[in-house]
Amino acid sequence: MTSVNLPAGQPDTATALSSSKGAGADKAFRYLAVGSGITVLVILALITYSTTQKAWPAFSTYGFDYFFSTDWRPNQKKFGILGFAWGTAVISLIGVSIAVPTSIGIALFATEVAPRRLRRVITTVMDLLAAVPSVVFGLVGFYVLRQPLQDLYRWVGDAVADVPVLHQVFGQGSSGISLLTAGIVLAIMIMPIITSVSREVFDTVPRNDKEGALALGATRAEMINGVVIPHSLGGLTGAVMLGLGRAMGETIAVTLLIGASSKPPITANLFGASDAMPSGIARKLSEASGDYQAALIGMGVTLFFITLAINLSSRKVVSIVDRRLKGVA
Amino acid sequence: MTATATDTTIDSAAEPSVADRLRVPSDVRISTIKGGRFVRNKVATATMVLAFVLAAVPLLFVVGNVVKEGGRVVSWSFLTNDIPTKAAGDELSSNCDVLRRYDPTAECDDAAPKAQTTLGMGPAVVGTLITTGLSALMAIPLGILAAIYLNEYGKKNRLAGFIRFMTDVMTGVPSIVMGIFVYTLWVSQFGQGRSALAASLALACLMLPIVVRSSEEMLRLVPNALREGSAALGSRTWKTTMKVVLPTALPGLVSGSMLAVARAAGETAPVLFTIGAANTVAAATTVTGQSTTLSFQIYNLITAGGSVSPKMAWGAAFTLIALVLILTSIARAISARFTMR
């Protein structure tokens, strides 16, 4: 143990039982702690209330069209955020579908395969990746990758120009910053969180189960497939949802790499420019006022409630899957 | 590994002696795994290694580029000088001495007038330290006290459960929403305007749930026997907490808080609408006035364009990454030292 100063023999502890000395301080400290806990609640309530209140004019004036129209022309008072929502959905899905298999692979490698020394290397790499600020990913993507990606996108676009479905997904790209670029960078950015949660989940798999499978002659891959993955399904779902929530809220790297479309279209073209909800806010909120400001804040509120719904449903899924597994065991 | 499956299978032509049959070949596990299963196992392992490479390559690429490009720019004067204005920046871009220092092959006119200004990021360095420091001062004490409530007082009661739940919710709130919140309430409605303080309020909102959850984890690791021992000696809860629980959990609390600080130092979104602008170190040395931060400055430089902007952005990114990685490594070192007994 580190230096734990047990207050043995101190005069006030010796007399504590017989006197009320310190009772006031004890009470004060208790109130301070309770107060701090409640402050957290108050701050969250304030965040919800004040942003929703500011956004309300947009919701009440534009109603249905606000959420389900792609017509975003602020100078003509047209505020339909569906295009932004589409951009957010597409890049988040790209991000998650790349990051989830990769992260689970890394987590399995770290928990089941890698020798101890390599494990530490993996942890360090993921920690460093998590520590790199969002804006730096944006910077490197913008200055270094834009040109090569533009060439690559052109080449792929030309190559699949005559293929029926693919030419719509990989259509003409005007530049190297696009939905796909933003999605890939998002994947890199959410990898650390998904990996670390998956690792924690895999660590909870009972050793006996794993060794039992190996003793029955299973290969390591079979053991992972038959023991580790089924045992971890609930936790993995949670990890994926957490990553999805992160991806949707990610702002600056996406702002720099998605292409800044002033009226984001609903398109399947991953090489096209678009915009996402947080990026739209980041670009314009400083200069907006009136209805325009309300519409932008409304986009933030919508994003807030979507991520909230994702987080809550992930908890629900985790608890359902866990309960089912415990029922089996 | 090199022994093939047929080498060690037991049903060979000549019946082996009893002693031979009892001796377990050293590679018996491999010998029993044949063909497709063997291949699938190897493929699975290779896929996992590939996944790790997929994560390591972007890290090396990003850090490598920032070090390569930013390393040329960063110097003591870069870290302390004022940020050149747009006009001064344009003037700089025609200065051969400056250009060649960053790009030896730059083409420029040697006869052009020599500019007096130099590249600088001083205000952003000062601003980052001030805003991050202020937000740490607000979020860390509050967060640790809330964690003390959760673990030492509330434990499993309903209020504590609710606070825990809401802290989780708050962790998931996108960082830009924190910026919108402070912008609407503090900057606009309360009429406080943009300032270093406003930015640090937004960053504190971001840090708070991280500090609460990591601190609670650390407090939970303190063995109950220590609390009971202290209580048995007649200490009240607050004394037990201050003299026994907190000192024991201190390394964990410090490392958790430092990770939160590192996260806040790199964040741009909460700062965007709340910090304003500052171009001189003197202007940025403020709490209630407008300021700037490294991450915000990088974003501004990228969107502004121009010929000097990329250099300054790379320099700022180098500084920011160095700051964040130093904070993170110290935090990791502390937690590794005290938890891996």
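As the structure is a prediction and not an experimental result, all values here were calculated from the model. (Residues numbered from 1 in each chain as written. Chains lettered and ligands numbered in written order. Predicted model: local features only at pLDDT ≥ 70, side-chain atom pairs only at ≥ 80, totals over all residues. Heavy atoms only, no water.)

Trainee: Go over the overall build of chain B, please, and point to the residues and values.
Mentor: A count of helices and strands for chain B gives 16 helices and zero strands. Looking at chain B residue by residue over its 341 residues, the buried ones come to 50%. For chain B, long-range pairs separated by at least 24 residues make up 77% of all intrachain contacts whose partners lie at least 6 apart in sequence. For chain B, the computed accessible surface area is about 15,600 Å², with 64% contributed by carbon and sulfur atoms. (Helix = DSSP H or I, 4+ residues; strand = E, 2+ residues; numbered from the N terminus. Buried < 20%, exposed > 50% of the residue type's maximum accessible area, 1.4 Å probe, protein only. Contact = heavy atoms within 4.5 Å. Areas by Shrake-Rupley, 256 points an atom, 1.4 Å probe, with all protein chains shown as cover.)

Trainee: Tell me about the overall build of chain A, and name the residues and values.
Mentor: Regarding its fold elements, chain A presents 12 helices and two strands. Reading chain A from its N terminus to its C terminus gives the helix and strand order α-α-β-β-α-α-α-α-α-α-α-α-α-α. Relative to the 2.2 N^0.38 estimate, which gives 20 Å for 329 residues, the radius of gyration of chain A is 26 Å and therefore markedly larger than a compact globule would have. Overall size of chain A, expressed as C-alpha extent along the three principal axes, is 85 × 65 × 40 Å. Looking at chain A residue by residue over its 329 residues, the buried ones come to 51%. Across chain A, contacts joining residues at least 24 apart in sequence account for 74% of those joining residues at least 6 apart. (Rg over C-alpha atoms; globule rule 2.2 N^0.38 Å.)

Trainee: Please give an account of the packing of helix 10 (residues 175-189) of chain B against helix 11 (residues 196-221) of chain B that cites residues and values.
Mentor: Residue and element names in this part refer to chain B. Contact geometry for helix 10 and helix 11: axes closest at 9 Å, N-to-C directions at 135 degrees. If you check the angle between helix 10 and helix 11, you find them oblique. Note on packing geometry: the crossing formed by helix 10 with helix 11 is right-handed. Contacts between helix 10 and helix 11 involve Ser175, Met178, Gly179, Phe181, Val182, Trp186 and Val187 on the former and, on the latter, Leu197, Ala198, Leu201, Ala202, Cys205 and Leu206. A class-by-class count of the residues in the contact of helix 10 with helix 11 yields 11 nonpolar, two polar and no charged. (Axes fitted to C-alpha atoms, helices over the stretch in contact; angles between N-to-C directions. Parallel < 35°, antiparallel > 145°, perpendicular 65-115°, else oblique. Left-handed = near helix turned anticlockwise from the far one by under 90°. Nonpolar A, V, L, I, M, F, W, Y, C, P; charged D, E, K, R; others polar.)

Trainee: Before we move on, can you summarise the interface of chain B and chain A with the specific residues and values?
Mentor: Residue-level contacts link 92 residues of chain B with 96 residues of chain A. Taken over both partners, the interface formed by chain B and chain A buries close to 8,100 Å², and the fraction arising from carbon and sulfur atoms is 76%. Three residues, Met48, Phe52 and Ile302 of chain B, lead the burial of chain B against chain A; their summed loss comes to 9% of the area buried on that side. Across the chain B-chain A interface, the total number found is three salt bridges. A salt bridge links Arg37 of chain B to Glu222 of chain A; its shortest N-O distance comes to 2.6 Å. Here chain B is connected to chain A by seven residue pairs in polar contact (both at pLDDT 80 or more). Listed by contribution, the elements that provide at least two residues to the side of chain B that touches chain A are helix 4 (35-71), helix 8 (122-154), helix 9 (158-171), helix 10, helix 11, helix 13 (237-266), helix 15 (294-304) and helix 16 (309-339) of chain B. A total of 18 residues in the side of chain B that touches chain A trace back to one element, the largest contributor, which is helix 4 of chain B. (Buried area = accessible area lost by both parts, 1.4 Å probe. Salt bridge = Lys/Arg side-chain N within 4 Å of Asp/Glu carboxyl O. Polar contact = N/O pair within 3.5 Å; in protein donor to acceptor, adjacent residues only side chain to side chain.)

Trainee: Describe in detail the confidence of the model for chain A, supporting the description with residues and values.
Mentor: Mean pLDDT for chain A: 87, with 91% of residues reaching 70 or above. Confidence drops under a pLDDT of 50 for residues 6-18 of chain A, and excluding neighbours within four residues, the segment shows 14 contacts in the predicted structure. (pLDDT = per-residue confidence, 0-100.)

Trainee: Describe the pattern of salt bridges, and please don't skip the residues or the numbers.
Mentor: When the charged atoms of two side chains lie near each other, side chains of opposite charge can form a pair. Residue and element names in this part refer to chain B. In this structure the tally under the stated criterion is 18 salt bridges over all chains. Between Lys68 and Glu69 there is a salt bridge; the shortest N-O distance is 3.6 Å. A salt bridge links Arg213 to Asp168; the nearest nitrogen and oxygen atoms lie 2.7 Å apart. One end of the pair, Arg213, is in helix 11; the other, Asp168, is in helix 9, and 45 residues separate them in sequence.

Trainee: Could you give me a rundown of the environment of Ser134 of chain A, with the residues and numbers involved?
Mentor: Residues and elements named next belong to chain A. Structurally, Ser134 can be placed in helix 5 (residues 134-159). In sequence terms Ser134 and Gly272 are 138 residues apart; their C-alpha atoms lie 22 Å from each other. Engagement of the side chain of Ser134 in a polar contact is seen with the side chain of Glu250, the distance being 2.6 Å.

Trainee: Requested: an account of the packing of helix 9 (residues 220-249) of chain A against helix 4 of chain B, with residues and values cited.
Mentor: Interaxial distance between helix 9 of chain A and helix 4 of chain B falls to 7 Å at its minimum, and their mutual angle equals 75 degrees. Taken together, the axes of helix 9 of chain A and helix 4 of chain B lie roughly perpendicular to each other. Only Arg37, Arg40, Asn41, Ala44, Thr45 and Met48 of chain B of helix 4 of chain B make contact with helix 9 of chain A, whose side of the interface consists of Arg220, Ala221, Glu222 and Ile224 of chain A.

Trainee: Summarise a nonpolar patch on the surface; cite the residues concerned and give the values.
Mentor: A grouping of Ile38, Val42 and Leu46 of chain A together with Leu159 of chain B is seen on the molecular surface, where their side chains present a nonpolar patch of about 280 Å² in accessible area. Counting residues per element, the nonpolar patch draws most heavily on helix 2 (residues 23-68) of chain A, which supplies three residues. On the secondary structure map, Leu159 of chain B appears in helix 9. The class for Leu159 of chain B is partly exposed, based on a relative accessible area of 31%. (Patch = residues over 30% accessible without salt bridge, like charges linked within 9 Å, V, L, I, M, F, W, Y side chains within 5 Å.)

Trainee: So, the confidence of the model for chain B: which residues are in play, and what are the values?
Mentor: All names here are of chain B. Averaged over chain B, the pLDDT score is 84; the fraction of residues at 70 or greater is 80%. Under a pLDDT of 50 for its full length, residues 1-12 has, in the predicted model, nine contacts with residues more than four places off or in other chains. Both scores are available for the predicted complex, with the pTM at 0.85 and the ipTM at 0.87.

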